[in-house]
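As a plain string of letters, each chain reads:
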Amino acid sequence: MSSATLNRIDVEYEQPDEAASGAVCSTKHAWARVPPEPSQAERAALKDRIRRLLKEKNAVMVSHYYVHPDLQDLAEETGGLVSDSLEMARFGRDHVAQTLVVSGVRFMGETAKILSPEKTVLMPDLDATCSLDLGCPIDEFSAFCDQHPDRTVVVYANTSAAVKARADWLVTSSCALDIVSALKAAGQKILWAPDRHLGAYIQRETGADMVFWNGACIVHDEFKALELELLKKQHPQAKVLVHPESPADVVALADAVGSTSAILKAAREMDATEFIVATDNGMMHKLRTLNPGKTFYEAPTAGNSATCKSCAHCPWMAMNGLADVARVLETGANAVHVNPALIPRARQPIDRMLAFTAALKNGQSTGALVPHLGAA
């Protein structure tokens, strides 16, 4: 047993109002464990070990922006990737390595396995999950879809393989607006899951006809407009960068709204030297590394109108650590498995997303990529 398993914490996140419209998640409590922080000497030794093992195992690291800075830096130093979930999926599919080490949360490892079933996909901790994934169980979600047979089912990446297999389209926060806009232009009505804040933002921006699953991210749901306004008064020159999983009153205060990649782009290109950032504070490492002359403040999650549950960092992203990366490379433990019967159906909405975003990036027409599908 890893020593990391001893540092277990309970995670409580707010339950959406069951009387509200839309389906509702069924999990109020979850748990996470945090690996012990290595000493400087241990850190250096672990990194050397991982570098050697990556070469021996024909493996590559794929890390999300929200994981520990050590895992971000080492991925880039060894020819891997640090990015958002869309680019992680694309990179893992296209890279020649036969083993992918995915530092993030479970749905990211499952997505990599769906796209590359012939590859070995390892994760530092298979119990690293996501409140959106936990809050969208397949049986309840399927029943919700059955209630709306005339709608195209669009699910966010933060979902299980089984939920993806029930969908027509997969989206990430970096491509959701474009895909939903195209579906609306084709006259399609949308069933959206699971993040209600992101879904509402997309509906406001596109005017699409949408019904929502009632889930939320434990991190972004905690950002508070009142405290953000107070922080803006303390830093009047700062621009506000907000991830659209945040509540609407927080999004309304933003100077730029977008995915993790879009937030990085805004910080690089906007005419400002100070920024307030409303997303997981794991992003601060990359923001500060890429913008050494700029100052970044974390948007508040606690104050008079809040109690801090996540404190702006996903407890499951925090489960990823160097020691477990070394361990899984050495032993082959924590391999991601997806039911082979699910993979062909779960891959369809992912492939649609990747084809759509590739066409968009290359300036090609996306019209032919949006067939009328109806409910999944």
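Report follows, based on the coordinates. (Residues numbered from 1 in each chain as written. Predicted model: local features only at pLDDT ≥ 70, side-chain atom pairs only at ≥ 80, totals over all residues. Heavy atoms only, no water.)

What about the sheet that holds strand E4 (residues 59-64)?
Then, in step 1: Strands sit in the order E5-E4-E6-E7 across an open sheet of 4 strands; the sheet is parallel. Looking along the sheet, the strands with just one partner apiece sit at the ends: strand E5 (81-83) and strand E7 (120-122). With direction set aside, neighbouring strand axes in the sheet form an average angle of 20°.
Then, in step 2: In this fold helix H4 (residues 106-115) packs onto E4, strand E6 (99-103) and E7, with an angle of close to 155° to the strand it touches most, E6. (Pairing = 2+ DSSP bridges. Helix = DSSP H or I, 4+ residues; strand = E, 2+ residues; numbered from the N terminus. Axes fitted to C-alpha atoms, helices over the stretch in contact; angles between N-to-C directions. Contact = heavy atoms within 4.5 Å.)

Focus: the nonpolar core
Then, in step 1: Ile50, Phe141, Trp192 and Leu287 are the most contacted members of the largest nonpolar core, which totals 116 residues.
Then, in step 2: Examining the composition of this core, we find that 6 residues originate from one element, helix H15 (residues 343-361), more than from any other.
Then, in step 3: In this view, Phe141 contacts Cys136, Val153, Val155, Val163, Arg166, Leu191, Ala193 and Trp213; residues no more than four positions away in its chain are not counted. (Core = buried A, V, L, I, M, F, W, Y, C linked by side-chain atoms within 4.5 Å. Buried < 20%, exposed > 50% of the residue type's maximum accessible area, 1.4 Å probe, protein only.)

As for helix H3 (residues 85-94)
Note: α-helices contain 3.6 residues per turn, so residues at a spacing of three or four share the same orientation.
Then, in step 1: Among the 10 residues in H3, 7 count as buried, and that is most of the element.
Then, in step 2: Packed against the buried residues of H3 are E4, E5, E6, H4 and H15.
Then, in step 3: You can read the cap of H3 off the contacts: a side-chain oxygen lies 3.0 Å from the backbone nitrogen of Glu87, and it is on Asp84. (Polar contact = N/O pair within 3.5 Å; in protein donor to acceptor, adjacent residues only side chain to side chain.)

What about the environment of Val67?
Then, in step 1: Mapped onto the secondary structure, Val67 falls in the loop between E4 and helix H2 (69-77).
Then, in step 2: A sequence separation of 254 residues divides Val67 from Gly321, and the C-alpha atoms of the two residues are 8.4 Å apart.
Then, in step 3: If sequence neighbours within four positions are ignored, Val67 has contacts with Gln72, Ser103, Gly104, Met317 and Asn320.

Comments concerning the layout of surface pockets
Then, in step 1: Put simply, the largest pocket is a space of about 560 Å³.
Then, in step 2: In terms of residue class, the lining of the largest pocket is made up of 15 nonpolar, 10 polar and 8 charged. (1 Å grid on protein atoms, 1.4 Å probe; cavity = no way out; pocket = protein on both sides within 12 Å on 5 of 7 lines; lining within 4 Å. Points joined across faces, edges and corners; volume = space filled by probe spheres on them. Nonpolar A, V, L, I, M, F, W, Y, C, P; charged D, E, K, R; others polar.)

Some remarks on the packing of aromatic side chains
Then, in step 1: Under the defined criterion, the tally for this structure stands at 5 aromatic pairs.
Then, in step 2: Consider the rings of Trp169 and Phe356, whose centres lie 6.0 Å apart with planes at 90°: the pair is edge-to-face. Of this pair, Trp169 sits in strand E9 (residues 169-171) while Phe356 sits in helix H15, placing them 187 residues apart in sequence. Pair check on accessibility: Trp169 and Phe356 agree, each one buried.
Then, in step 3: Here a set of aromatic residues connected by ring pairs shows up, and it is made of Phe141, Phe144 and Trp213. (Phe/Tyr/Trp six-rings, centres within 6.5 Å; stacked < 30°, edge-to-face > 60°.)

Quick notes on empty space enclosed by the protein
Then, in step 1: Summed over all chains, the structure comprises 2 cavities of 30 Å³ or more.
Then, in step 2: Contributing to the lining of the largest cavity are 27 residues, with His64, Tyr66, Asn158, Glu245 and Met317 lying nearest its centre.
Then, in step 3: By residue class, the composition of the lining of the largest cavity is 12 nonpolar, 12 polar and 3 charged.
Then, in step 4: Size it by volume and the second largest cavity reaches roughly 110 Å³.
Then, in step 5: Put simply, the parts of the chain that give the lining of the second largest cavity at least two residues each are H3, E6 and H4.

Some words on the pattern of salt bridges
Then, in step 1: Under the defined criterion, the tally for this structure stands at 21 salt bridges.
Then, in step 2: We note a salt bridge from Lys265 to Glu269, for which the minimum N-O separation is 2.9 Å. Taken together, the residues Lys265 and Glu269, both in helix H12 (residues 260-269) and 4 residues apart, mark about one turn of the helix.
Then, in step 3: What makes Lys265 partly exposed here is its relative accessible area of 41%.
Then, in step 4: Taken together, the salt bridges that share partners define one network made up of Glu37, Arg43, Lys47 and Asp70. (Salt bridge = Lys/Arg side-chain N within 4 Å of Asp/Glu carboxyl O.)

Description of the environment of Asp168
Then, in step 1: As for its placement among the helices and strands, Asp168 is situated in the loop between helix H7 (161-165) and E9.
Then, in step 2: The exposure class assigned to Asp168 is buried, which follows from its relative accessible area of 4%.
Then, in step 3: In the structure, Asp168 is positioned 14 residues away from Val154 in sequence and 6.0 Å away in space, judged by C-alpha atoms.
Then, in step 4: Engagement of the side chain of Asp168 in a polar contact is seen with the backbone nitrogen of Val153, the distance being 2.8 Å.

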